[in-house]
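Reading the structure
Below, each chain spelled out in residue letters.
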Amino acid sequence: MTTRDTSPTDPAVQAELARLRDSIDNIDAAVVHMLAERFKCTQQVGHLKAAHQLPPADPAREAHQIARLRALAENAKLDPAFAEKLLNFIISEVIRHHEQIAGAAEH
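What you see is a predicted model; the values in this text were computed from it and never measured.

1. Observations concerning the side chain of Lys49
You can see Lys49 is positioned in helix H1 (residues 11-51). Nearest to the buried, unbridged Lys49 among oppositely charged side chains is Asp58, at 5.3 Å. In this view, Lys49 contacts Leu54, Pro55, Pro56, Ala57, Asp58 and His98; residues no more than four positions away in its chain are not counted.

2. Observations regarding the UniProt feature "domain: Chorismate mutase" (unreviewed entry) in the protein
Mapped onto the present numbering, the UniProt feature "domain: Chorismate mutase" (unreviewed entry) falls at residues 11-102. Structurally, residues 11-102 is divided into 88% helix and 0% strand, and its ends, taken at the C-alpha atoms, are 56 Å apart.

3. Some remarks on the packing of helix H2 (residues 59-75) against helix H3 (residues 80-106)
The contact between H2 and H3 brings their axes to 9 Å, and the two run at 145°. Crossing handedness for the pair H2 and H3: right-handed. In contact with Glu62, Gln65, Ile66, Leu69, Arg70, Ala73 and Glu74 of H2, H3 contributes Pro80, Ala81, Ala83, Glu84, Leu87, Asn88, Ile91 and Ile95. Residues that form the contact of H2 with H3 fall into these classes: nine nonpolar, two polar and four charged.

4. Some thoughts on H1
Counting along an α-helix, one turn takes 3.6 residues, and residues three or four places apart therefore face a common direction. Counted at 1.5 Å a residue, the expected span for H1 with its 41 residues is 60 Å, and the 60 Å between its end C-alpha atoms agrees. Burial in H1 covers these residues: Phe39, Thr42, Gly46, Lys49 and Ala50. Taken together, the buried residues of H1 touch H3. Two or three places before Ala12, at the opening of H1, Asp10 has a side-chain oxygen 2.9 Å from that residue's backbone nitrogen. Positive backbone phi, approximately 50°, marks Gln53, located one or two places after H1.

5. Focus: the pattern of salt bridges
Summed over the entire model, instances satisfying the criterion amount to four salt bridges. One salt bridge in this structure joins Glu84 and Arg70, with 2.6 Å as the shortest N-O distance. Remark: Arg70 occurs in helix H2 and Glu84 occurs in helix H3; sequence separation between them is 14 residues. The class for Glu84 is partly exposed, based on a relative accessible area of 26%. A salt bridge links Glu93 to Arg96; the shortest N-O distance between them is 2.7 Å. Remark: Arg96 and Glu93 occur in helix H3; sequence separation between them is three residues, near one turn of the helix. Using a relative accessible area of 36% as the deciding quantity, one classes Arg96 as partly exposed.

How each quantity is defined
- Residues numbered from 1 in each chain as written.
- Predicted model: local features only at pLDDT ≥ 70, side-chain atom pairs only at ≥ 80, totals over all residues.
- Heavy atoms only, no water.
- Helix = DSSP H or I, 4+ residues; strand = E, 2+ residues; numbered from the N terminus.
- Buried < 20%, exposed > 50% of the residue type's maximum accessible area, 1.4 Å probe, protein only.
- Lys, Arg positive; Asp, Glu negative; His and termini not counted.
- Salt bridge = Lys/Arg side-chain N within 4 Å of Asp/Glu carboxyl O.
- Contact = heavy atoms within 4.5 Å.
- UniProt positions renumbered as here; feature names shortened; annotations may be inferred.
- Axes fitted to C-alpha atoms, helices over the stretch in contact; angles between N-to-C directions.
- Left-handed = near helix turned anticlockwise from the far one by under 90°.
- Nonpolar A, V, L, I, M, F, W, Y, C, P; charged D, E, K, R; others polar.
- Expected span 1.5 Å × (residues − 1).
- Polar contact = N/O pair within 3.5 Å; in protein donor to acceptor, adjacent residues only side chain to side chain.

Pasting the structure below:
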């Protein structure tokens, strides 16, 4: 019985790595574009909040979003703790942007 060469120089391995990496690159591009769209929306929210003197943070909404995202992550077989960390990072950036918008609206 012969075994198939699966060293990194094996053309079949290289082809499969290239295929998978191309998919990862496409997914990364989609993630970046989705985040850009998300931040366009949250910037509009920030301007609306500033115009109506609403606070930059909304802890009740944030808690709801975290719970919702954890459930989505579980259903997608993604670590819910990772999903929560990612959303917390995004939320902190959104709040920072909202604070900047509110500060600019005061001047």
